[in-house]
Amino acid sequence: EIYTLSLHDALPISYVAVSRLQTAEELVAWGSAWISQVITAVKAHEAQADYHENTLDKVKRHIEENYHRDISLGETAEQVYLNPVYLSRMFKERTGQTFGEYLTEVRIKTAKQLLADPELYVYDICSRVGYNNLKYFYRLFKKETGCSPTEYRDQILSSRKDQL
């Protein structure tokens, strides 16, 4: 991901002031000062981007470690000391997904892995991945994968038999 820094907005150039410079030394001094400001702005921007990436990593880790529970954006925001609205906006900007979409992705991915075990019941998997409503889990799983959990399992088992 590429972060852009609008130097025009952050460090506007006064063309009137530049036009008043009379010697090459004045122009070089002005240019050096402006470049120093640019470097400072870039470093501040990079520090902020690093902070956001570290925060995002913590949020993702929190979701991946707690997806099986009824976690919320508010609870997660508390974990990283941010306002939930700000975290929501930052998460969407950085990942392209909402908090809820990412949580669902992690839960469905885990459910798919668990469905590979024919010994586990679908309602147990539903509970293990953080859903307490089997009907909702079926509907959501089908929406996300195009098939029901049972159909998905059948496909996995069928492909295993074909490989033997």
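On a predicted model such as this, the values are computed, not experimentally measured, just so you know.

Points about the overall build of the protein
Here is step 1: Within the protein, the secondary structure is distributed over nine helices and zero strands.
Here is step 2: Expressed as a percentage of the 164 residues in the protein, the buried residues total 31%.
Here is step 3: The contacts of the protein with a sequence gap of at least 6 include a subset with a gap of at least 24, amounting to 55%.
Here is step 4: With an accessible surface of roughly 11100 Å², the protein has 52% of that area assigned to carbon and sulfur atoms.

Side note on the pattern of salt bridges
Where side chains of opposite charge bring their charged atoms close, a pairing between them can arise.
Here is step 1: For the structure on display, the rule yields one salt bridge.
Here is step 2: For arginine 69, the salt bridge is made with glutamate 75, and the minimal N-O distance between the two is 2.5 Å.
Here is step 3: According to the relative accessible area criterion, glutamate 75 is partly exposed, its value standing at 22%.

Some remarks on the packing of helix 8 (residues 134-145) against helix 9 (residues 149-163)
Here is step 1: Orientation of helix 8 relative to helix 9, taken along the N-to-C sense of each, is 55°, at an axis distance of 8 Å. When the axes of helix 8 and helix 9 are compared, the pair comes out oblique. Together, Phe137, Tyr138, Phe141 and Lys142 of helix 8 and Pro149, Thr150, Glu151 and Tyr152 of helix 9 make up the contact between the two elements.
Here is step 2: Among the residues making up the contact of helix 8 with helix 9, the classes are represented as five nonpolar, one polar and two charged.

A few points about unusual backbone geometry
Here is step 1: If you check the backbone angles, tyrosine 81 has positive phi at about 60° while not being a glycine.
Here is step 2: Relative to the elements of secondary structure, tyrosine 81 occurs in the loop between helix 4 (73-79) and helix 5 (84-95).

Some details on helix 8
Here is step 1: Taking 1.5 Å per residue as the helical rise, helix 8 with its 12 residues ought to reach 16 Å, and the 16 Å between its terminal C-alpha atoms agrees with that figure.
Here is step 2: As for helix 8, its buried residues are in contact with helix 6 (99-115), helix 7 (122-128) and helix 9.
Here is step 3: Sitting at the head of helix 8, asparagine 133 places a side-chain oxygen 3.0 Å from the backbone nitrogen of lysine 135.
Here is step 4: Of the residues flanking the end of helix 8, it is glycine 146, one or two places downstream, whose phi is positive at about 90°.

With respect to helix 6
Here is step 1: Over its 17 residues, helix 6 extends 24 Å from the first C-alpha to the last, a length consistent with the 24 Å expected when each residue adds 1.5 Å.
Here is step 2: Among all positions of helix 6, only Phe99, Tyr102, Leu103, Thr104, Val106, Arg107, Ile108, Thr110, Ala111, Leu114 and Leu115 are buried.

Regarding the nonpolar core
Here is step 1: Membership of the largest hydrophobic core comes to 32 residues, with the highest contact counts inside it found for Ile63, Leu87, Ile125, Val129, Phe137 and Phe141.
Here is step 2: Of all the elements in the fold, those that place two or more residues in this core are helix 3 (24-66), helix 5, helix 6, helix 7, helix 8 and helix 9.
Here is step 3: Considering each element in turn, this core owes the most residues, eight residues, to helix 6.
Here is step 4: Phenylalanine 137 has contacts with Ile108, Ala111, Val122, Ile125, Cys126, Val129, Tyr131 and Pro149, leaving out every residue within four places of it along the chain.

Things to note about the packing of aromatic side chains
Here is step 1: Inspection of every chain in the model, using the stated rule, returns eight aromatic pairs.
Here is step 2: Look at tyrosine 131 and phenylalanine 137: their rings are 5.8 Å apart centre to centre, the planes differ by 35°, and that puts the pair in the tilted class. In this structure, tyrosine 131 and phenylalanine 137 share a single accessibility class: buried.
Here is step 3: By the ring-pair criterion, three or more aromatic residues cluster together here, those being Tyr131, Tyr136, Phe137, Phe141 and Tyr152.

Some remarks on the side chain of histidine 62
Here is step 1: Mapped onto the elements of the fold, histidine 62 is located in helix 3.
Here is step 2: We classify histidine 62 as buried; its relative accessible area is 9%.
Here is step 3: Sequence-distant contacts of histidine 62, that is, excluding residues within four places in its chain, are made with Arg69, Ile71, Glu75, Thr76 and Gln79.

Side note on the confidence of the model for the protein
Here is step 1: In the predicted model, the protein carries a mean pLDDT of 87, and the fraction of residues at 70 or more is 88%.
Here is step 2: In the model, residues 1-5 has pLDDT below 50 throughout and makes 10 contacts with residues more than four positions away in sequence or in other chains.

The rules behind the values
Residues numbered from 1 in each chain as written. Predicted model: local features only at pLDDT ≥ 70, side-chain atom pairs only at ≥ 80, totals over all residues. Heavy atoms only, no water. Helix = DSSP H or I, 4+ residues; strand = E, 2+ residues; numbered from the N terminus. Buried < 20%, exposed > 50% of the residue type's maximum accessible area, 1.4 Å probe, protein only. Contact = heavy atoms within 4.5 Å. Areas by Shrake-Rupley, 256 points an atom, 1.4 Å probe, with all protein chains shown as cover. Salt bridge = Lys/Arg side-chain N within 4 Å of Asp/Glu carboxyl O. Axes fitted to C-alpha atoms, helices over the stretch in contact; angles between N-to-C directions. Parallel < 35°, antiparallel > 145°, perpendicular 65-115°, else oblique. Nonpolar A, V, L, I, M, F, W, Y, C, P; charged D, E, K, R; others polar. Expected span 1.5 Å × (residues − 1). Polar contact = N/O pair within 3.5 Å; in protein donor to acceptor, adjacent residues only side chain to side chain. Core = buried A, V, L, I, M, F, W, Y, C linked by side-chain atoms within 4.5 Å. Phe/Tyr/Trp six-rings, centres within 6.5 Å; stacked < 30°, edge-to-face > 60°. pLDDT = per-residue confidence, 0-100.

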